[in-house]
Structures are given as C-alpha cells and as structure tokens.
Amino acid sequence: MALSFYKYQGTGNDFVMVDNRKLLFPAEDEALVKHLCDRRMGVGADGLILLQDHPDYDFQMVYYNADGRVGSMCGNGARCTVRFAKQLGVIEDVACFLAADGEHQASVERDLIHLKMNDVASVEKTGNDYYLNTGSPHYVRFVDNIQELDVYKEGRAVRYNDRFKEVGTNVNFVQRISENEIFVRTYERGVEDETLSCGTGVTACALVASLEGFKSPVKVNTLGGDLEVSFTRSGDSFDHIYLIGPAKLVFNGSVALPEKV
Ligand SMILES: N[C@@H](CCC[C@H](N)C(=O)O)C(=O)O
C-alpha cells in the first residue's frame, strides 16, 4: 500500500504533510509516523502533519514530532499547513483553524504566511535564562558565540536535566544582531536534534528579546531563513502575537508503507 504525501518547509523546518480529510491515515501508529520522518528509511522530516476537516473550523492540523508522538503547537508547521490548505483549495487567503493549543487565525500575503499565535500570560526568569510556552515549551538563553555553539550538546544538557527530562522542553540560543534583530538556534524536543528553525521557538525568543529592550516587530534570523514576530506587550504578558514568514512546497509523491511487523 502507498501513501500520497506533500513535503513542505518553513524556513528549513520540514514536514511530511498528509491530506487526511477522509481520515484514512492510521493516526495512532507512532511507528509509522517515526518511519515516515526517518531521513534514510522514510521520506525524512522534522515532523508529520495531518490536515483534517473540522465542523467548526476551516481545517484542523494534527502535528507529530519526528519521534512519532503527537506534539504540541508547531508554528512553522502551522504556516506550512495554511499554505497546504490553500494549495488544496480548502481556503483562499485567510484561515481559522484548530491546532493542539486551540484556535488560530492566519492569512496568506504573497509569499508570506501571517500566523496569529496564542497569547502568552507570563515568562519565567530562571537565572539569566527564560522559560515560557508559546504553544510549545521553550527555554531561552542569550549567548555571544551562536555560530560556534555546540547546540546539540548544550541543548541536550538542558532538555535532559532534572527539571525537564520527563516532559522535555525545546531549548533556544539567542544572539543580538542589531537593535531589532536576533539570531536563534534551537534544539527541538521530539526531534532530539537541532532544527534549522522552530516557529514557536522563534516566537518565544522574540518575546524574551522584548523583555531585554527590543521593540516589536523583531526580525529573527535562523539557519533556515528569516522570520518576523510582532506583538503587543504589557509587563511580561503578550498578545496580538504574529509569526510571519515563508512556507514552501518542496515536492509531492507517494511512499510505500512498511508491512506491519
Ligand atoms: N518546530 C515546531 C515545534 C514543534 C513542537 C516541538 N518539537 C515540541 O515538541 O515542543 C515549531 O515550529 O514550533
């Protein structure tokens, strides 16, 4: 049996996308999702996303990390899903959809997707670092040597420390580039490696940057490309948060499904 899929990437965070409006995908099969995300034995991706119908929304996105487990909110994946929905004719240029952390609005504006993120009620300061949830949990640390940093080693040290080893966290490293520009590298939970960008991570870092004097909008450079985050801040609470950036179709195809072991 073969599965039709589309491969999308949002600033290098890449996803296997499946039109699951007929609900034919075995959504409980973690081993299958992990196989499809495997970069040698499968299609290869940071995650897998099912686009599904929903009675109250234009569509619902179901996100899985590359480890096969259902994940939390995926900002880059959501931007790719909006582009995918437009490609399928499910939407035109605006969308109201359901994700793991609730309802999101989005719009397609030429080659950029504008995604409204959920409000952030507070940010925890821990030493010189920060911890917050932008739909997924993010630990944020400012550094001065971001290009030389061993993100895998330093990210895993936080992700598997006594506080986070059970449920995990994404770990972001931030360097100031100019008065309103930062560079972000992310070790991603559930991928268990550095990804070229992480949308909820970029959002978290931009909000934290504003606690350190940056003003909205914050330009965020990542290894996979550039994004922008705009927001309204009141103390350490944030709303009207938008993650803005490109999302592109890379290829589509069909993949043989492994025989059940
Ligand atoms: N890459 C995603 C984040 C996906 C969820 C994350 N791996 C987690 O498990 O928290 C993004 O673009 O936000």
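Residues numbered from 1 in each chain as written. Predicted model: local features only at pLDDT ≥ 70, side-chain atom pairs only at ≥ 80, totals over all residues. Heavy atoms only, no water.

**Remarks on the overall build of the chain**
Then, number 1: Each helix and strand counted, the chain has four helices and 17 strands in total.
Then, number 2: In terms of C-alpha radius of gyration, the chain reaches 18 Å, essentially the compact-globule figure of 18 Å for 261 residues.
Then, number 3: By its C-alpha atoms, the chain is 55 × 40 × 25 Å across when sized along the principal axes.
Then, number 4: Buried positions account for 54% of the 261 residues belonging to the chain.
Then, number 5: Restricting to contacts in the chain with at least 6 residues of sequence separation, those with at least 24 account for 62%.
Then, number 6: Just so you have it, the chain exposes about 11800 Å², and 47% of that area is on carbon and sulfur atoms.
Then, number 7: Charge-centre separation for the chain: the mean point of 27 positive side chains lies 3 Å from the mean point of 38 negative side chains. (Helix = DSSP H or I, 4+ residues; strand = E, 2+ residues; numbered from the N terminus. Rg over C-alpha atoms; globule rule 2.2 N^0.38 Å. Buried < 20%, exposed > 50% of the residue type's maximum accessible area, 1.4 Å probe, protein only. Contact = heavy atoms within 4.5 Å. Areas by Shrake-Rupley, 256 points an atom, 1.4 Å probe, with all protein chains shown as cover. Lys, Arg positive; Asp, Glu negative; His and termini not counted. Charge placed at Lys NZ, Arg CZ, Asp CG, Glu CD.)

**As for the nonpolar core**
Then, number 1: Counting residues in each nonpolar core, the largest one holds 50 residues, and the members touching the most others are F97 and I182.
Then, number 2: When residues in this core are grouped by element, the largest group, seven residues, is from helix α4 (residues 199–211).
Then, number 3: Beyond its immediate sequence surroundings of up to four residues, F97 is in contact with Y57, F59, M61, A78, V82, G102, E103, H104, A106 and L115.
Then, number 4: With 17 residues, the next largest nonpolar core counts V16, V18, A45 and Y64 among its residues. (Core = buried A, V, L, I, M, F, W, Y, C linked by side-chain atoms within 4.5 Å.)

**Some words on the domain arrangement of the chain**
A common way to express how large an interface is: the accessible area buried when the components associate.
Then, number 1: Annotation of the chain at the domain level lists domain 1 (2–116 + 247–253) and domain 2 (124–245).
Then, number 2: Distance from the C-alpha centre of domain 1 to the C-alpha centre of domain 2: 22 Å.
Then, number 3: Counting residues at the interface gives 22 residues for domain 1, matched by 25 residues for domain 2.
Then, number 4: Across the domain 1 to domain 2 interface the summed buried area is about 1600 Å²; carbon plus sulfur atoms make up 49%.
Then, number 5: Among the residues domain 1 hides against domain 2, the three largest losses belong to T11, S72 and K116. Together they make up 30% of the total.
Then, number 6: There are zero salt bridges connecting domain 1 and domain 2.
Then, number 7: Of all elements in the fold, only β4 (57–65), α2 (75–88) and β7 (112–117) reach the threshold of two or more residues within the side of domain 1 that touches domain 2. (Domains from an automatic or database assignment. Buried area = accessible area lost by both parts, 1.4 Å probe. Salt bridge = Lys/Arg side-chain N within 4 Å of Asp/Glu carboxyl O.)

**Observations regarding unusual backbone geometry**
Then, number 1: With an omega dihedral of 0°, the bond running from S216 to P217 counts as a cis peptide bond.
Then, number 2: Here P217 shows up in the loop between α4 and β14 (218–222).
Then, number 3: Positive phi, normally seen in glycine, also occurs at R110, with a value near 55°.
Then, number 4: Locating R110 in the fold gives a position in the loop between β6 (102–109) and β7.
Then, number 5: Accessibility expressed as a relative area gives 75% for R110, which makes it exposed.
Then, number 6: In this structure, E192 is a non-glycine residue whose phi angle is positive, near 60°.
Then, number 7: With respect to the secondary-structure elements, E192 resides in the loop between β12 (181–188) and β13 (193–195).

**Let's talk about the site of the ligand**
Then, number 1: Every one of the 16 residues lining the ligand counts as a neighbour, but N65, N170, R189, G199 and T200 are closest to it.
Then, number 2: S136 places a polar side-chain atom, nitrogen or oxygen, 3.4 Å from an oxygen atom of the ligand.
Then, number 3: When isolated, the ligand has an accessible area of 360 Å², and the protein chains bury 100% of it.
Then, number 4: Secondary-structure elements contributing two or more residues to the shell around the ligand are β4, α2 and α4.
Then, number 5: Partitioned by chemical class, the residues of the shell around the ligand number five nonpolar, nine polar and two charged.
Then, number 6: Composition of the shell around the ligand by domain shows at least three residues from each of domain 1 (2–116 + 247–253) and domain 2 (124–245). (Near = heavy atom within 4 Å. Polar contact = N/O pair within 3.5 Å; in protein donor to acceptor, adjacent residues only side chain to side chain. Nonpolar A, V, L, I, M, F, W, Y, C, P; charged D, E, K, R; others polar.)

**As for the environment of N20**
Then, number 1: By the element assignment, N20 lies in the loop between β2 (13–19) and α1 (30–37).
Then, number 2: Under the relative-accessibility criterion, N20 is labelled buried at 4%.
Then, number 3: Those residues within four positions of N20 in sequence are excluded, and the remaining contacts are F25, L50, L51 and Q52.
Then, number 4: Polar side-chain contacts of N20 include one of 2.7 Å to the side chain of Q52.

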